[in-house]
Amino acid sequence: VHLEAEVFDLMTKWIERYRRLAEERYRRLDAVLETMADDEQEDDK
Amino acid sequence: MTTTTKHETQIIVDPDVPLVRIIREFDAPVEKVFRAHTDPDLFKQWAGPNGLVNEIETFDCRTGGSYRYKSSGQGWEGWFRGSFHEVRPNQTIIQTFNYEEMPDGVALERIDFEDLGDGRTRISSTSLVDSFEGRDAFVASGMEVGVNEGYQKLDAILAS
């Protein structure tokens, strides 16, 4: 039971790190979305 | 210690099927969010962990197309590739995802784009692999980078 709890705890940490990586990635996507032109034209800078 | 924002990413790790689901909302219309996934010049700006730079070799995001790109940084580089199985504009992308160092470890990914109205969009991104061991390795992958990033961010927060 103790070992299972340790594994569960480790997995919970992995999941939180994975979630944080996804959040960081999507914050960069937020930034990309802000740079895209508001009109429907391609952003061809 | 956690900064809360209105768009914090949600993670669902399924207990019965080896999949991970990521849900996130964006303050942008669905056409823009979709284009940021299909245009390689936009995609490469945000894909992957912080601190890595992406170089696209192939990126043909349409039904039957494929992609291959290199991520590098912090003394590391790796190639990723996959097939675009089904691409429905502003709705769904179904693709495979593979880190080439582990050729048997292919994830099946499905990204659904939901128009929330008022220029907002919700993404649901599901990665399915063929075993729980594979799923857990997938969740744990990139953790060396992730841990370092986390500590750097924590340092910055603590210093501010």
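Structure: see above.
Summarised in this report is the structure supplied together with it. (Residues numbered from 1 in each chain as written. Chains lettered and ligands numbered in written order. Predicted model: local features only at pLDDT ≥ 70, side-chain atom pairs only at ≥ 80, totals over all residues. Heavy atoms only, no water.)

Points about the side chain of Asn54(B)
Heads up, the condition is: In this description a helix means any DSSP run of H or I spanning at least four residues, a strand means any run of E spanning at least two, and both kinds are numbered starting from the N terminus. Counting of polar contacts relies on pairs of N or O atoms within 3.5 Å, with two restrictions inside protein: one atom must be capable of donating a hydrogen and the other of accepting it, and residues adjacent in sequence are counted only when both atoms are side-chain atoms.
Following the sequence through the fold, Asn54(B) ends up in strand β3 (residues 53–59). At 2.8 Å, the side chain of Asn54(B) and the backbone oxygen of Ala47(B) are in polar contact.

Some details on the sheet that holds strand β6 (residues 92–99) of chain B
Residue and element names in this part refer to chain B. For the record, the criterion: Note on pairing: two strands pair once DSSP finds at least 2 bridges between them. What counts as an axis is a line fitted to C-alpha atoms, over the stretch in contact for a helix, and the angles between N-to-C directions run from 0 to 180 degrees. The criterion used for residue contact is that any of the two residues' heavy atoms lie within 4.5 Å.
In spatial order, the strands read β1-β2-β8-β7-β6-β5-β4-β3; together these eight strands make up an open sheet with antiparallel pairing. Looking along the sheet, the strands with just one partner apiece sit at the ends: β1 (10–13) and β3. Ignoring which end each strand starts from, the neighbouring axes of this sheet average 20° apart. Relative to strand β8 (residues 120–128), strand β2 (residues 19–26) runs antiparallel, the two sharing eight bridges. Following the sheet pairing, Glu25 is matched in β8 by Arg122. Sheet strands in contact with helix α1 (residues 30–38) are β2, β3, β5 (76–88), β6, β7 (106–117) and β8, and its direction is about 160° off that of β7. Lying over the sheet, helix α3 (residues 132–140) contacts β1, β2, β6, β7 and β8, oriented at roughly 40° with respect to β2.

Quick look at a nonpolar patch on the surface
Stated precisely, the cut-off is as follows: Candidate patch residues must exceed 30% relative accessible area and have no salt bridge, after which like charges are joined if within 9 Å and Val, Leu, Ile, Met, Phe, Trp or Tyr side chains if within 5 Å. Surface accessibility in these figures is a Shrake-Rupley result with a 1.4 Å probe; residues are shielded only by whichever protein chains are displayed. By definition here, a salt bridge exists when the distance from a side-chain nitrogen of Lys or Arg to a carboxyl oxygen of Asp or Glu is within 4 Å.
On the surface, Val17(B), Leu108(B) and Leu128(B) cluster together into a nonpolar patch covering about 210 Å² of accessible area. Along the chain, the position of Leu108(B) falls in strand β7.

Thoughts on the pairing of β2(B)
Across a regular strand the side chains alternate sides, sitting on one face of the sheet and then on the other. Residue and element names in this part refer to chain B. Put simply, the rule reads: Type-normalised accessible area, obtained with a 1.4 Å probe on protein chains alone, sets the label of each residue: buried when under 20%, exposed when over 50%, and partly exposed for intermediate values.
Within β2, six of the eight residues are buried, leaving the element largely enclosed by the surrounding structure. Two elements, β1 and β2, share four bridges in a ladder whose sense is antiparallel. Residue pairing across strands places Ile11 opposite Ile22, the latter belonging to β2. Counted along the chain from β1 to the antiparallel partner β2, the turn is five residues long.

Description of unusual backbone geometry
Residues and elements named next belong to chain B. Not every positive phi belongs to a glycine, and Asn90 is a case in point at roughly 65°. One can find Asn90 in the loop between β5 and β6. At Asp118, a position not held by glycine, the phi torsion is positive, near 55°. Taking relative accessible area as the criterion, Asp118 reaches 78% and is therefore assigned exposed.

Regarding the nonpolar core
Our working rule: For our purposes a nonpolar core is just a set of buried Ala, Val, Leu, Ile, Met, Phe, Trp, Tyr and Cys residues, chained together by side-chain atoms within 4.5 Å.
Residues Leu33(A), Ile93(B) and Phe113(B) are the most contacted members of the largest nonpolar core, which totals 37 residues. The element contributing the most residues to this core is helix α1 (residues 2–35) of chain A, with seven residues. Leu33(A) has contacts with Phe26(B), Ala28(B), Lys32(B), Val33(B) and Ala36(B), leaving out every residue within four places of it along the chain.

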